[in-house]
Amino acid sequence: MPDARPLDQIDRRILEILQEDGRISNHRLSELVNLSPSACLARVRRLESDQVITGYRAQVDAAKIGPSLTVFAELTVSQNNIESTEEIEAALVELPELTEAWEVSGRYDILARFLVPDMERWTRLAAELAGRDMAVETVRTVLAVKRIKLFSGVHASFGRTSETRP
């Protein structure tokens, strides 16, 4: 991927709008950012090509599909080496219940978020994680009680230093 050029105010506004409505027409988007439709489409395509925009998807409310339980798991790795870490990451990625995972610093190594139908499924999954032929030493669980805010996108001013903010 070539070096991406810095984002200007129009690029940031495009990102803000697309995060609110990924299905907006190019014509309407161009009106909102005061560009011609062709210039707007060129910017969107460049943002996609530079992988600033990484995809478009629907946000789904899991509770409307069926019972759901959000579980955050702190995983501690027993062997901190590249090979075992890669094995654990590969195994985690294959789990359909895993919604996101981060390698973190601190007292545990991986912070993972799972979406399961109920506590029984989580109990089996946690036992599977700890019992697999992986180097997962401990699985600490935190259950989500109430969602306060759902991730709604990256704020348009993200990445700007205080000197570049208007």
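Residues numbered from 1 in each chain as written. Predicted model: local features only at pLDDT ≥ 70, side-chain atom pairs only at ≥ 80, totals over all residues. Heavy atoms only, no water.

Bringing the sheet that holds strand β1 (residues 69–77) into the picture now. A sheet is described by the order of its strands in space; here 4 strands give the open sequence β2-β3-β1-β4, paired in antiparallel fashion. Looking at strand neighbours, the two that pair on one side only are β2 (98–103) and β4 (136–143), the edges of this open sheet. Neighbouring strand axes in the sheet, compared pairwise and without regard to direction, differ in orientation by 20 degrees on average. Note: β2 against strand β3 (residues 110–116), 5 bridges, orientation antiparallel. Looking at β3, one finds that A101 is bridged to A112. Docked against the sheet, helix α5 (residues 82–93) engages β1, β2, β3 and β4, running at close to 160 degrees with respect to β2. Across the face of the sheet, helix α6 (residues 119–131) comes into contact with β1, β3 and β4 while running at roughly 160 degrees to β4. (Pairing = 2+ DSSP bridges. Helix = DSSP H or I, 4+ residues; strand = E, 2+ residues; numbered from the N terminus. Axes fitted to C-alpha atoms, helices over the stretch in contact; angles between N-to-C directions. Contact = heavy atoms within 4.5 Å.)

In this section: the packing of aromatic side chains. Scanning the entire structure with this criterion turns up 1 aromatic pair. Residues F114 and W122 carry aromatic rings whose centres are separated by 5.0 Å and whose planes lie at 50 degrees to one another, so their mutual orientation is tilted. The exposure class of F114 is buried, given its relative accessible area of 0%. (Phe/Tyr/Trp six-rings, centres within 6.5 Å; stacked < 30°, edge-to-face > 60°. Buried < 20%, exposed > 50% of the residue type's maximum accessible area, 1.4 Å probe, protein only.)

On to the layout of surface pockets. Taken as a whole, the largest pocket encloses approximately 1800 Å³ of empty space. Together, 47 residues line the largest pocket, and Q59, L150, F151, S152 and G153 are the ones closest to its centre. For the lining of the largest pocket, the secondary-structure elements that each account for two or more residues are α1 (9–20), α4 (62–65), β1, β2 and β3. Considering every element that reaches the lining of the largest pocket, the biggest residue donor is α1, with 6 residues. For the lining of the largest pocket, a count of residues per class yields 24 nonpolar, 11 polar and 12 charged. Counted as a void, the second largest pocket has a volume near 160 Å³. Taken together, E16, Q19, E20, K149, S152, G153, V154, H155 and A156 make up the lining of the second largest pocket. Its residues assigned to classes, the lining of the second largest pocket comprises 2 nonpolar, 4 polar and 3 charged. (1 Å grid on protein atoms, 1.4 Å probe; cavity = no way out; pocket = protein on both sides within 12 Å on 5 of 7 lines; lining within 4 Å. Points joined across faces, edges and corners; volume = space filled by probe spheres on them. Nonpolar A, V, L, I, M, F, W, Y, C, P; charged D, E, K, R; others polar.)

With that out of the way, let us pick up the pattern of salt bridges. Throughout the structure, instances matching the rule amount to 10 salt bridges. One salt bridge in this structure joins R43 and D8, with 2.9 Å as the shortest N-O distance. Placement of R43 in helix α3 (residues 37–49) and of D8 in the segment before α1 is noted, with a sequence separation of 35 residues between them. For the salt bridge of E97 with R121, the shortest nitrogen-to-oxygen distance reads 2.6 Å. Highlighted residues: E97 in the loop between α5 and β2 and R121 in helix α6, separated in sequence by 24 residues. Of the residues examined, E97 reaches a relative accessible area of 12% and is grouped as buried. Note on R121: relative accessible area 17%, which makes it buried. Counted as one network, the salt bridges with shared partners bring together D8, D11, R43, R46 and D50. (Salt bridge = Lys/Arg side-chain N within 4 Å of Asp/Glu carboxyl O.)

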